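Letter by letter, the chains look like this.
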Amino acid sequence: MIDVIIVGLGAMGSAAAHQLAQRGKRVVGLERFTPAHDKGSSHGGSRMIRQAYFEDPAYVPILIRAYELWERLERDTKTDLLRVTGGVMIGSPKSPLITGSIRSAREHQLPHEVLDCREVRRRFPPLIAAAGEVALYESRAGYLLPEECIRQQLSQAARYGADLHFEEPIESWTAHERGEGVTVTTGKRTYQAQQLIISSGAWAPQLLADLELPLVVTRQVMFWLDPIGGIEPFLPDRFPVYLCASEHRYILYGFPSIDGKNGGVKVAIHGSDEVCTPDSIDREVRETDVAEIRARLAARLPALNGPLLKARTCMYTMTSDENFVICKHPRYSAVTIAAGFSGHGFKMASVVGEMLAELVTEGTTRHNIELFSHRRFNTPQA
């Protein structure tokens with residue numbers, strides 16, 4: 001008998017496979033694509049990591065643990081996964097980005113500085129903070145290498161005995177209401193196990209349709225531009241990761257130059273109104289996409305508004321409150337859910353894997369995950 005089947009081996013599924021296999025559990029992982037693929041939500045060369053979390057102070061202890069687990073994975077695999085550059089959040093003093101970041105930093109006594117617009121420009125010349133705006137700077141912020149993180153989590157899972165299957169999408173799953181195991185069917189075979197984790201990213205709305213969770217998939221675009229005047233001001237030892245609020249609904253964010261002299265600098269907009277599915281997403285980059293990012297850069301980072309080198313699409317799976325769903329299925333005790341990471345979950349994948357492993361093996365987790373319960377939505381109950 002298999003102990004646990006994991007459906008989806010992206011950021012969260014690969015972390016859960018690693019954690020469970022390390023605990024001696026017999027794990028089968030099923031992934032519809034190849035390892036660390038570019039069809040979902042965890043590609044593009046970089047994902048931001050930070051601790052002064054404007055979204056909610058409840059995330060901060062989770063983030064502190066995420067750093068510990070990423071650093072442990074680096075040591076265990078002798079690979080470079082997390083790079084600390086510092087991070088700056090810019091906006092009006094009353095914007096949620098600033099008030100939330102300061103609240104989290106103060107509540108959890110995180111090292112931070114509040115900078116005025118002149119100090120932002122002095123320290124980070126490419127960035128423009130408007131008169132009256134402020135910034136929160138945290139020295140521990142930086143970025144992860146997402147594809148390498150997933151590859152190393154999968155490698156560790158396999159090292160500890162996990163049986164990982166790629167290019168094997170599932171067709172259906174069933175579970176018994178009294179917790180008597182699960183059955184998962186793919187195009188190749190049928191698997192039976194004691195427990196099931198569904199961590200299928202943008203495919204979760206399909207696999208969890210019976211729960212009526214408010215999961216909405218949106219199309220996102222990432223851009224790499226060649227800075228005007230050269231890449232030197234954007235080098236990682238000079239330039240931080242950043243988030244910039246504005247009168248627009250969504251946040252401009254970006255990274256230092258991490259891909260070498262000719263790799264450009266990555267920038268994107270956090271959020272989108274373009275709803276899609278994994279099957280319907282338009283993966284071509286449009287002129288309107290490029291025009292939108294250039295309009296944002298003109299005011300914030302005019303030096304970055306040079307030639308477009310490349311652009312790529314990915315998907316967010318958004319919940320209505322932009323918090324995650326990490327919990328037991330309300331009807332099936334053998335099923336654990338990890339969904340709706342809403343474009344800000346990758347940084348916590350390492351600790352989400354730990355949460356899932358604990359939920360499967362112990363029925364509870366040391367982490368406070370009440371914020372992520374399905375009960376906050378009007379979902380069908382047991």
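Residues numbered from 1 in each chain as written. Predicted model: local features only at pLDDT ≥ 70, side-chain atom pairs only at ≥ 80, totals over all residues. Heavy atoms only, no water.

Trainee: In this structure, what is going on with the overall build of the protein? I would like to understand it.
Mentor: What the protein contains, in helices and strands, is eight helices and 19 strands. Relative to the compact-globule value of 21 Å for 382 residues, the protein shows a C-alpha radius of gyration of 21 Å, a close match. Judged by the C-alpha coordinates and their principal axes, the protein covers about 65 × 40 × 40 Å. Each of the 382 residues in the protein was classed as buried or not, and the buried ones make up 59%. When contacts within the protein are restricted to residue pairs at least 6 apart in sequence, those whose partners lie at least 24 apart make up 73%. (Helix = DSSP H or I, 4+ residues; strand = E, 2+ residues; numbered from the N terminus. Rg over C-alpha atoms; globule rule 2.2 N^0.38 Å. Buried < 20%, exposed > 50% of the residue type's maximum accessible area, 1.4 Å probe, protein only. Contact = heavy atoms within 4.5 Å.)

Trainee: Would you mind going over unusual backbone geometry with me for this structure?
Mentor: Trans is the common state for peptide bonds, and a negative phi is the common state for residues other than glycine. With phi around 55°, Gln 109 is a residue other than glycine that occupies positive phi space. Residue position: Gln 109 is located in the loop between helix H3 (96–107) and strand E6 (113–116).

Trainee: Explain the pattern of salt bridges to me, please; I cannot follow it from the model alone.
Mentor: Two side chains with opposite charge may pair up if their charged atoms get near one another. Within this structure, the stated rule accounts for 24 salt bridges. The salt bridge partner of Asp 321 is Arg 376, with a shortest N-O separation of 2.6 Å. A residue pair is termed long-range when its members are at least 10 positions apart, and Asp 321 in the loop between strand E17 (308–318) and strand E18 (325–328) and Arg 376 in the segment after helix H8 (349–362) qualify at 55 residues. The salt bridge involving Glu 358 is made with Arg 366; its shortest N-O contact spans 2.6 Å. A cluster of three or more residues bridged by salt bridges with shared partners is formed by Arg 65, Glu 68, Glu 354, Glu 358 and Arg 366. (Salt bridge = Lys/Arg side-chain N within 4 Å of Asp/Glu carboxyl O.)

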